[in-house]
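Coordinates in review
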Amino acid sequence: MLLLPHVLMLSLLSGGLARVVEDFKSECGQFFANGISPTKFPGPQYKQICQMRNYVDYYATFYDTFNKIPVYSAYKFEGIGHCRRQIDDNYAGPNMASEGSVNIQIHGDRQALNRDYYHSGYDKGHLAPVYQSFSQSCASATFTLTNAAPQVIRFNRGKWRNIENHLAKHLERACYFKPVYIVTGVVPGNYSINNRVNVPSHFWTAYCCLDQNNRCSHSGGVTGTNENYSNITKMNVANLETVLGQLYGLTFTLFH
């Protein structure tokens, strides 16, 4: 009986469709460089999710149930698959809920709903992006509300999309035959949609190519302000960690 409220709480977040775990490293550490996630914030509002589709883990998300947006999603880059989003909701089991399948009465207290985005002036900005997916199944797995945050339309479809595309092409050349890890996140802002879903002030992404000694032999990062005329800044990982530390208000480590 003591376990039931905890299980129910996790079910409300995921609808039985996402795998909420206690520890990234032991459950889906394969999506992080050397199996270690970036900094995780303390507090019950934050959840560690291994994002599944058809019983296969595709990436990991650190999720903020208070702001109803992810903090970051982490994934392994395995090449450009030229995929598109193609959702089949006719499945059940421990897989993530797609954006069209979230039950309003059950889920709205801990995550965003499709209706939050209607006529809001924002796109669903997916942190694990479809363009960097290697397979169609992986691409479809990115289409979930726990992987999305409100993103200004012009920014999402313009500068940030170009960043995603250019980064994928760069990594295919620069890290050929090397394991590549990417983590993409957002910084909560001062505004929310419908007084529910936080609109991030910044989007950011970082990458790390591991050498034979499991060290980041090639790495980098970028931040973008979430606005029409976004200020895009490219930098090394150390500088990005400093910037994120200032924005989050605590020491932030991306790769170990």
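An unreviewed UniProt entry annotates the protein chain as Endonuclease domain-containing 1 protein-like of Cyprinus carpio carpio.

1. Some points on the overall build of the protein chain
On a plain count of helices and strands, the protein chain comes out with 7 helices and 12 strands. Counting over 256 residues, the protein chain shows a buried share of 55%. The long-range share in the protein chain, meaning contacts at least 24 apart out of those at least 6 apart in sequence, stands at 67%. Accessible surface, the protein chain as shown: approximately 12000 Å² in total, 51% of it carbon and sulfur.

2. Side note on unusual backbone geometry
Positive phi, close to 55 degrees, is recorded for His119, a residue that is not glycine. Its place among the elements puts His119 in the loop between helix H4 (114–117) and strand S5 (122–126). Owing to a relative accessible area of 87%, His119 belongs among the exposed residues under this scheme. Despite not being glycine, Asn194 shows a phi value in the positive range, around 55 degrees. With respect to the element layout, Asn194 can be found in the loop between strand S8 (191–193) and strand S9 (197–199). Exposure remark for Asn194: the relative accessible area of 49% places this residue in the partly exposed category.

3. Things to note about the environment of Phe62
Relative to the helices and strands, Phe62 resides in strand S3 (residues 56–64). For Phe62 and Ser37, which are 25 residues apart along the polypeptide, the C-alpha to C-alpha distance reads 9.3 Å. Other than its neighbours up to four places away in sequence, Phe62 contacts Phe24, Lys40, Phe41, Tyr46, Lys47, Gln48, Pro70, Val71 and Tyr72.

Definitions and cut-offs
- Residues numbered from 1 in each chain as written.
- Predicted model: local features only at pLDDT ≥ 70, side-chain atom pairs only at ≥ 80, totals over all residues.
- Heavy atoms only, no water.
- Helix = DSSP H or I, 4+ residues; strand = E, 2+ residues; numbered from the N terminus.
- Buried < 20%, exposed > 50% of the residue type's maximum accessible area, 1.4 Å probe, protein only.
- Contact = heavy atoms within 4.5 Å.
- Areas by Shrake-Rupley, 256 points an atom, 1.4 Å probe, with all protein chains shown as cover.

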